[in-house]
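Chain residues, written in single-letter form:
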Amino acid sequence: MIGNTSTFSKVLAKCITLLVFINLTSGQISYQEPFYRGATEAKLTDGGYEGVVVAISPQVPEDEQLITRITEVFMNFSNYLHQATEQRAYLKEVRILIPATWAEDPSYESAVSERFEESDIRIDFPPEERTPSKNLPYTSKPTFCGSQGFYIHLTPEYLKNENTALLYGSYEKVLAHEWAHYRWGVFDEYPRPLSDDPHFYQASSGFIEGTRCTISITGTEKILLK
């Protein structure tokens, strides 16, 4: 576990409350006065991403379990990201944007600049064209390599049903993969599912290569003991 603190706050357009701070080491919850940034201005400050917005679509029916799962999944992802980046990055502040159509709750804050259309992670039903792998997480990234994508898409079923999620791998690794697409502009090292991506290409050497990570980058194998 890491010794940093992640903030999870729930925002609704109708009421104001306090931010909920969850310590990733002890699990202890404390409270602090609301602090806001622009919903599209997630920044990395002293190793912590602030202003990350996870937005639930207005099309999703009210479900308290979904909020609980978002908190659990992203707490674990933050911990994994911190370890995977060798303590260089974690999620310091996450805001869960709740649809205004949901009932009010004393734990909800008032949304200021957060909007579903400008959120970092969107919880919504899958597009119709993705029916064969409808719960597969994906990142909308029509941008160049190294440029930030538009958003990460997750379905309610993916977050709430662990058996469904395991079809694609552990939550932590899948989200780290999508975060690399979204935040760092990294492309897949393999042909994307349900796409026309080529499985092979002609390299500058003239040889036919498989679509994969480059072999020109070397490293050292490490075995991590839990």
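For clarity, every value in this text was computed on a predicted model and none was experimentally measured. (Residues numbered from 1 in each chain as written. Predicted model: local features only at pLDDT ≥ 70, side-chain atom pairs only at ≥ 80, totals over all residues. Heavy atoms only, no water.)

Undergrad: Explanation requested: the sheet that holds strand E5 (residues 48–50) in the structure shown.
TA: Read across the open sheet, the three strands follow the order E4-E5-E7; overall the sheet is mixed. Two strands bound the open sheet, and with one partner strand each, they are strand E4 (43–45) and strand E7 (90–91). Pairing of E5 with E7, which is carried by two bridges, proceeds in the parallel orientation. Pairing of Tyr49 across the sheet is with Leu91, part of E7. (Pairing = 2+ DSSP bridges. Helix = DSSP H or I, 4+ residues; strand = E, 2+ residues; numbered from the N terminus.)

Undergrad: What exactly am I supposed to notice about unusual backbone geometry here?
TA: Across residues other than glycine, the phi torsion is negative in most instances, and most of the peptide bonds are trans. Positioned with a positive phi, Asp46 is a non-glycine residue whose angle comes to about 50°. Secondary-structure assignment places Asp46 in the loop between E4 and E5. One non-glycine residue, Glu86, adopts positive backbone phi at about 55°. The residue Glu86 is located in the loop between helix H1 (64–84) and E7 in this model.

Undergrad: Explanation requested: the nonpolar core in the structure shown.
TA: Among soluble globular proteins, nonpolar side chains are generally buried collectively. By size, the foremost hydrophobic cluster in this structure holds 35 residues, and its most contacted members are Phe74 and Trp179. At the level of elements, strand E6 (52–56), H1, strand E8 (93–97), strand E10 (121–123), strand E12 (151–154), helix H2 (156–160) and helix H4 (171–184) are the ones that each hand at least two residues to this core. By residue number, the principal contributor to this core is H1, which donates eight residues. Filtering out sequence-adjacent residues up to four positions away, Phe74 remains in contact with Phe8, Val54, Leu91, Ile121, Leu154 and Leu175. (Core = buried A, V, L, I, M, F, W, Y, C linked by side-chain atoms within 4.5 Å. Buried < 20%, exposed > 50% of the residue type's maximum accessible area, 1.4 Å probe, protein only. Contact = heavy atoms within 4.5 Å.)

Undergrad: Would you explain the pairing of E12 in this entry?
TA: For a regular strand, side chains alternate in direction, first toward one face of the sheet and then toward the other. The two faces of E12 match: Tyr151 and His153 on one face and Ile152 and Leu154 on the other face are all buried. In terms of strand pairing, strand E11 (residues 138–140) meets E12 through three bridges, oriented antiparallel. Its bridge partner being in E12, Tyr138 is matched across the sheet by His153.

Undergrad: What exactly am I supposed to notice about the packing of H1 against H4 here?
TA: To describe two helices that pack against each other, one gives the angle between their axes and the distance between the axes. H4 packs onto H1 with a crossing angle of 75° between their chain directions and a minimal axis gap of 9 Å. In terms of axis orientation, H1 runs roughly perpendicular to H4. Only Tyr171, Glu172, Lys173, Leu175, Ala176, Trp179 and Trp184 of H4 make contact with H1, whose side of the interface consists of Arg69, Val73, Phe74, Asn76, Phe77, Tyr80 and Leu81. (Axes fitted to C-alpha atoms, helices over the stretch in contact; angles between N-to-C directions. Parallel < 35°, antiparallel > 145°, perpendicular 65-115°, else oblique.)

Undergrad: Just checking my understanding: could you explain the pattern of salt bridges for this structure?
TA: Where charged atoms from two side chains of opposite charge come close, those side chains can pair. What the rule picks out here adds up to eight salt bridges. Across the salt bridge formed by Lys92 and Glu50, the nearest N and O atoms sit 3.3 Å from each other. Of the two residues, Lys92 sits in the loop between E7 and E8 while Glu50 sits in strand E5, which places them 42 residues apart along the sequence. The salt bridge involving Glu86 is made with Arg88; its shortest N-O contact spans 3.5 Å. You can call Arg88 exposed: its relative accessible area is 56%. Several salt bridges share partner residues, and in doing so they unite Glu93, Arg95 and Glu114 into one network. (Salt bridge = Lys/Arg side-chain N within 4 Å of Asp/Glu carboxyl O.)

Undergrad: Explain the pairing of E6 to me, please; I cannot follow it from the model alone.
TA: Counting buried residues in E6 gives five out of five residues, a clear majority hidden from the surface. Along E6, one buried face is formed by Val52, Val54 and Ile56 and the opposite face, lined by Val53 and Ala55, is buried too. With four bridges joining them, E6 and E8 adopt parallel strand pairing. Each residue of the ladder has a partner; that of Val54, found in E8, is Ile96. Bridge count between E6 and E10: three bridges; the pairing is parallel. In the sheet register, Ile56 faces E10, and the bridge partner there is Ile123.

Undergrad: Even after reading the chapter, I still don't get the packing of aromatic side chains, so can you show me in this structure?
TA: How two aromatic rings sit relative to each other is given by the distance of their centres and the angle of their planes. Following the criterion strictly, the structure yields six aromatic pairs and no others. Aromatic side chains Tyr158 and Tyr171 sit 5.2 Å apart centroid to centroid with 75° between the ring planes, which places their arrangement in the edge-to-face category. Residue Tyr158 is found in helix H2, and its partner Tyr171 is found in helix H4; the two are separated by 13 residues along the sequence. Note on accessibility: Tyr158 and Tyr171 belong to one class, buried. Geometrically, the ring pair formed by Trp179 and Tyr182 is edge-to-face, given 5.8 Å between the ring centres and 65° between the ring planes. Here the residue Trp179 and the residue Tyr182 both occupy positions in helix H4, the gap between them amounting to three residues, near one helical turn. Residue class for Trp179 comes out buried when judged on its relative accessible area of 2%. Exposure remark for Tyr182: the relative accessible area of 2% places this residue in the buried category. The structure contains a cluster of three or more aromatic residues connected by ring pairs, namely Tyr49, Phe74, Phe77, Trp179 and Tyr182. Looking at Arg122, its charged tip hangs above the ring of Phe116, at a distance of 5.6 Å from the centre. (Phe/Tyr/Trp six-rings, centres within 6.5 Å; stacked < 30°, edge-to-face > 60°. Lys NZ or Arg CZ within 6 Å of the ring centre and 35° of its normal.)

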